[in-house]
Amino acid sequence: MNSEDTADVARCDCSRVHQDIVEQVNAAMPDEEILYDLAELFKIFGDSTRIKILYVLFESEMCVCDIANLLGMSQSAISHQLRALKQSKLVKYRRDGKTVFYSLADGHVRTILDQGMEHVAE
């Protein structure tokens, strides 16, 4: 942001509040609890290892040992990240004997990441 942009942002005649706009926006605002949950969800996307795991699971369901091998990380580190992803309902799992396979929870996960990629590519 250059100094002109900063000046434009800072300029506002705050002696008069636009009450109609404030009330309209306030009525449209989600509840505080929902905003908190949304902020927590976005924190999950703030870790590059978790992003890598999600991209791996775009391609195929996989077990912890396969993900660890693919990403060159320990199974413990992958399990830790998968736990956070499961708690956030971004991945699901199924058992096949003693092996647990992980996959994306639903299409929303792909949409979120696709839109994020589109944004950073602009």
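Residues numbered from 1 in each chain as written. Predicted model: local features only at pLDDT ≥ 70, side-chain atom pairs only at ≥ 80, totals over all residues. Heavy atoms only, no water.

- If you check an unreviewed UniProt entry, the chain appears there as Metalloregulator ArsR/SmtB family transcription factor from Candidatus Flavonifractor merdipullorum.

## Thoughts on the packing of helix 4 (residues 48-59) against helix 6 (residues 75-87)
Helix packing for two helices is described by the angle between their axes and how far apart those axes are.
Item 1. Axis separation between helix 4 and helix 6 bottoms out at 10 Å; the angle between their running directions is 80 degrees. Overall, the two elements helix 4 and helix 6 adopt an arrangement that is roughly perpendicular. When helix 4 is examined against helix 6, the residues Thr49, Arg50, Ile53, Leu54 and Leu57 are found in contact with a partner set consisting of Ile78, Gln81, Leu82, Ala84 and Leu85. (Axes fitted to C-alpha atoms, helices over the stretch in contact; angles between N-to-C directions. Helix = DSSP H or I, 4+ residues; strand = E, 2+ residues; numbered from the N terminus. Parallel < 35°, antiparallel > 145°, perpendicular 65-115°, else oblique. Contact = heavy atoms within 4.5 Å.)

## Here's the deal with the packing of helix 4 against helix 5 (residues 64-71)
Item 1. With their axes 11 Å apart at the nearest point, helix 4 and helix 5 run at an angle of 115 degrees to one another. Relative to helix 5, the element helix 4 lies roughly perpendicular. As for the relative orientation of helix 4 and helix 5, their crossing is right-handed in sense. Listed contacts from helix 5 to Lys52, Ile53, Val56 and Leu57 of helix 4 are Ile67, Leu70 and Leu71.
Item 2. For the contact of helix 4 with helix 5, a count of residues per class yields six nonpolar, no polar and one charged. (Left-handed = near helix turned anticlockwise from the far one by under 90°. Nonpolar A, V, L, I, M, F, W, Y, C, P; charged D, E, K, R; others polar.)

## Considering the pairing of strand 2 (residues 91-96)
Item 1. Sheet topology places strand 2 next to strand 3 (residues 99-104); six bridges connect them, and they run antiparallel. Looking at the pairing, Val91 lines up with Leu104 of strand 3.
Item 2. Where strand 2 folds back on strand 3, the antiparallel hairpin that results is connected by two residues, among which Gly97 adopts a positive phi of roughly 70 degrees. (Pairing = 2+ DSSP bridges.)

## Some remarks on a nonpolar patch on the surface
Item 1. A grouping of Ile21, Val25 and Met29 is seen on the molecular surface, where their side chains present a nonpolar patch of about 270 Å² in accessible area.
Item 2. Along the chain, Ile21 turns up in helix 2 (residues 19-28).
Item 3. Here Ile21 falls in the partly exposed class, since its relative accessible area comes to 46%. (Patch = residues over 30% accessible without salt bridge, like charges linked within 9 Å, V, L, I, M, F, W, Y side chains within 5 Å. Areas by Shrake-Rupley, 256 points an atom, 1.4 Å probe, with all protein chains shown as cover. Salt bridge = Lys/Arg side-chain N within 4 Å of Asp/Glu carboxyl O. Buried < 20%, exposed > 50% of the residue type's maximum accessible area, 1.4 Å probe, protein only.)

## Brief notes about the pattern of salt bridges
Item 1. Inspection of every chain in the model, using the stated rule, returns two salt bridges.
Item 2. The partner of Glu40 in a salt bridge is Lys43, with the nearest N and O atoms 2.9 Å apart. In this pair, Glu40 and Lys43 both sit in helix 3 (residues 32-44), three residues apart, roughly one turn of the helix.
Item 3. Judged by relative accessible area, which is 29%, Glu40 ranks as partly exposed.
Item 4. Residue Glu61 is joined to Arg94 by a salt bridge in which the shortest nitrogen-to-oxygen separation is 2.4 Å. One end of the pair, Glu61, is in the loop between helix 4 and strand 1 (62-63); the other, Arg94, is in strand 2, with 33 residues separating them in the sequence.

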